[in-house]
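Coordinates in review
Single-letter residue listing:
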Amino acid sequence: NNFSKRQHAEKPPGCCTVFCGNLPFDLDEGALREVMEPCGEITSVRLATDRETGDPKGFGHVQFEETEATDKAVALAGTQVMGRPIWVDYAQEKGR
């Protein structure tokens, strides 16, 4: 899986949130924050969990203060985190 060559979504105007996928199931919000902090000021980190079991789903979202931080974050696609290459892309508006 070569995420660094994969096509990214078009960046929505003013986008401040990135989608992070292929995350290790034992990664917590603090660890994801550590990976993304060099990109810019983070306002929130959300990891998706199964509603029934509470188990991690392996993806989440990181919201930044500045839209420029998302460009740096997306450049991290393919970075190894706990032995897995993560996918990072611009978050799309819901309903799209």
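Residues numbered from 1 in each chain as written. Predicted model: local features only at pLDDT ≥ 70, side-chain atom pairs only at ≥ 80, totals over all residues. Heavy atoms only, no water.

1. Points about the side chain of Thr70
Along the chain, the position of Thr70 falls in helix 2 (residues 68–74). A residue is classified by how much of its surface remains accessible, and Thr70, at 0% relative accessible area, is buried. One polar contact links Thr70 to Lys11, side chain to side chain, over a distance of 3.3 Å. A polar atom in the side chain of Thr70 sits 2.6 Å from the backbone oxygen of Thr67. Excluding residues that lie within four positions of it along the chain, Thr70 makes contacts with Lys11, Cys15, Cys16, Thr17, Val18, Phe64 and Tyr90. (Helix = DSSP H or I, 4+ residues; strand = E, 2+ residues; numbered from the N terminus. Buried < 20%, exposed > 50% of the residue type's maximum accessible area, 1.4 Å probe, protein only. Polar contact = N/O pair within 3.5 Å; in protein donor to acceptor, adjacent residues only side chain to side chain. Contact = heavy atoms within 4.5 Å.)

2. As for the pairing of strand 2 (residues 42–49)
As defined by bridge partners, strand 2 adjoins strand 3 (residues 56–64) across 6 bridges and the pair is classed as antiparallel. Bridging across to strand 3, Arg46 finds its partner in His61. Turn length for the strand 2-strand 3 hairpin, with the two strands adjacent in sequence and antiparallel, is 6 residues, and the turn residue Gly54 shows positive phi of about 80 degrees. (Pairing = 2+ DSSP bridges.)

3. A short note on the sheet that holds strand 6 (residues 87–90)
Overall, antiparallel pairing links the 4 strands, which are arranged 2-3-1-6 in an open sheet. Only two strands of the sheet have a single partner each, and these edge strands are strand 2 and strand 6. Adjacent strand axes in the sheet meet at a mean angle of 20 degrees when their direction is disregarded. Of the pairings in the sheet, the one linking strand 1 (residues 17–21) to strand 3 comprises 4 bridges and is antiparallel in character. Within the sheet, the bridge partner assigned to Phe19 lies in strand 3 and is His61. Lying on the sheet, helix 1 (residues 29–36) is in contact with strand 1, strand 2, strand 3 and strand 6; it crosses strand 2 at an angle near 135 degrees. (Axes fitted to C-alpha atoms, helices over the stretch in contact; angles between N-to-C directions.)

4. Considerations on the environment of Asp55
With respect to the element layout, Asp55 can be found in the loop between strand 2 and strand 3. Looking at Asp55, the relative accessible area reads 45%, which means it is partly exposed. Taking the C-alpha atoms as reference, Asp55 lies 32 Å from Glu68; in sequence the two are 13 residues apart. Once residues lying within four places of it in the same chain are set aside, the contact partners of Asp55 are Ala48, Thr49 and Asp50.

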